[in-house]
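Coordinates in review
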Amino acid sequence: MLKGRHLVDPQDFSIQELESIFELTQEIINKPEDFNSICHGKILSTLFYEPSTRTRFSFEAAMLRLGGGVIGFSEPGSSSVAKGESLADTLRTVAAYADIIAMRHPNEGAPKHGIKYCPVPLINGGDGGHQHPTQTLTDLFTILESKGRLDNLTIGCCGDLKFGRTVHSLIKAMSRYENVKFILVSPKELQVPDYIRTEILEQRNIQFQEVERLEEVIDQMDILYMTRVQKERFFNEADYVRLKDSYIVDLKKLKDAKEDLAILHPLPRVNEIAIEVDEDPRAWYFRQVKNGMFVRMGLILKLLGVK
Ligand code: CP
């Protein structure tokens, strides 16, 4: 039963609960007209303390396409946060007006703290470098759509694996499925945090390898999950220059990849996927963008308990 629940961490929902969201998402994709007034009279609030294009717009589009209304801010400086209002008081206040809240916050753990004060479902739209569970719902749905399964997969994650919250959430979520292996491609400075390695991968006996060069391992992957590598994250210029081209996927690099590889990216992209790849059938990232809205429609309906 998902009605009234919060979503803070990708593991807040069981595999069966995720399946029920994905089934509903598929129903919405198949027949969107059946859902276009189902949330009439309901209000979503989007509280974005950090910039966003996909997460905020897709939440808002999702609620509007369900026939509901949207209130919120994309810039906390335009609200009483600028006067020093606490997160707890902001959530208490907004929950008096809205039926469900999606929030992005720069502080890791802010949504976990926030649910103590939020009487309506609170959805984590990304907290610092920590987690991004609705991106993960989108990623899992897109993997399911592209591969027909969530088990027996080799998943390559490439780029900034240290600060990339989407990667942390994806590893957490995918490590619950059978025979999933990870190939983690990053410079040493940007490897996954220790808690992901020890508390998730090692504790669950998940097979994984950590490498620096994408070319060496791309042929083994069923999924390639690209993320942005930011020059400013490197400790020295020489390492950046040495590795920067390793993390740009272009058609030349894809020559060694499987024909049915699915390339995902949470976006925004800077230059880590060459534009020429966009037309390749293995590019799933714009489909992933659209799925993000449909998945959030399914999630809103489940958390509101709207049938
Ligand atoms: N994928 C993602 O979180 O994108 P935004 O930062 O644009 O919301």
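Preceding block: the structure.
Considerations on the sheet that holds strand S6 (residues 180-185)
- Strands sit in the order S7-S6-S5-S8-S9 across an open sheet of five strands; the sheet is parallel. Sheet topology places strand S7 (208-211) and strand S9 (262-264) at the edges, where each strand pairs with a single neighbour. Across the sheet, the mean angle separating the axes of adjacent strands is 15° when strand polarity is ignored.
- Note: strand S8 (residues 223-226) against S9, three bridges, orientation parallel. Bridge pairing in S9 places Ile223 opposite Ala262.

Section: the site of the ligand
- Close contacts around the ligand come from Ser52, Thr53, Arg54, Thr55, Arg104, His132, Gln135, Pro266 and Leu267, and that covers them all.
- One of the side-chain N or O atoms of Ser52 is found 2.6 Å from an oxygen atom in the ligand.
- Within the side chain of Gln135, one N or O atom sits 3.0 Å away from a nitrogen atom of the ligand.
- When the free accessible area of the ligand is taken as 260 Å², the share hidden by the protein chains comes to 91%.
- Taken together, the residues that form the shell around the ligand break down as two nonpolar, five polar and two charged.
- In terms of domain composition, the shell around the ligand takes at least three residues from each of domain 1 (10-131 + 291-304) and domain 2 (134-288).

Basis of the calculations
- Note that residues are indexed from 1 along each chain, following the sequence as it is written.
- Local features in this predicted model are restricted to residues of pLDDT 70 or higher, and side-chain atom pairs are both shown and tallied only at a pLDDT of 80 or more, whereas totals for entire chains, interfaces and linings draw on every residue.
- Just so you know, side-chain values use all the structure's heavy atoms and leave hydrogens and water out.
- When DSSP finds two or more bridges between a pair of strands, those strands are recorded as paired.
- Think of it this way: any DSSP run of H or I at least four residues long counts as a helix, any run of E at least two long counts as a strand, and we number them from the N terminus.
- An axis is simply a line fitted to the C-alpha atoms; with a helix, the fit covers only the stretch in contact. Between two such axes, the angle follows the N-to-C directions and lies from 0 to 180 degrees.
- Throughout, the term near means that a residue has one or more heavy atoms lying within 4 Å of the molecule or strand in question.
- Two N or O atoms form a polar contact when they lie within 3.5 Å of each other; inside protein one atom must be a possible hydrogen donor and the other a possible acceptor, and for residues adjacent in sequence the pair counts only when both atoms belong to side chains.
- Only the protein chains shown count as cover for residues, and the accessible areas themselves come from Shrake-Rupley with a 1.4 Å probe.
- Note on residue classes: Ala, Val, Leu, Ile, Met, Phe, Trp, Tyr, Cys and Pro are nonpolar, Asp, Glu, Lys and Arg are charged, and everything else, Gly too, is polar.
- Bear in mind that the domain bounds are from an automatic or database domain assignment.

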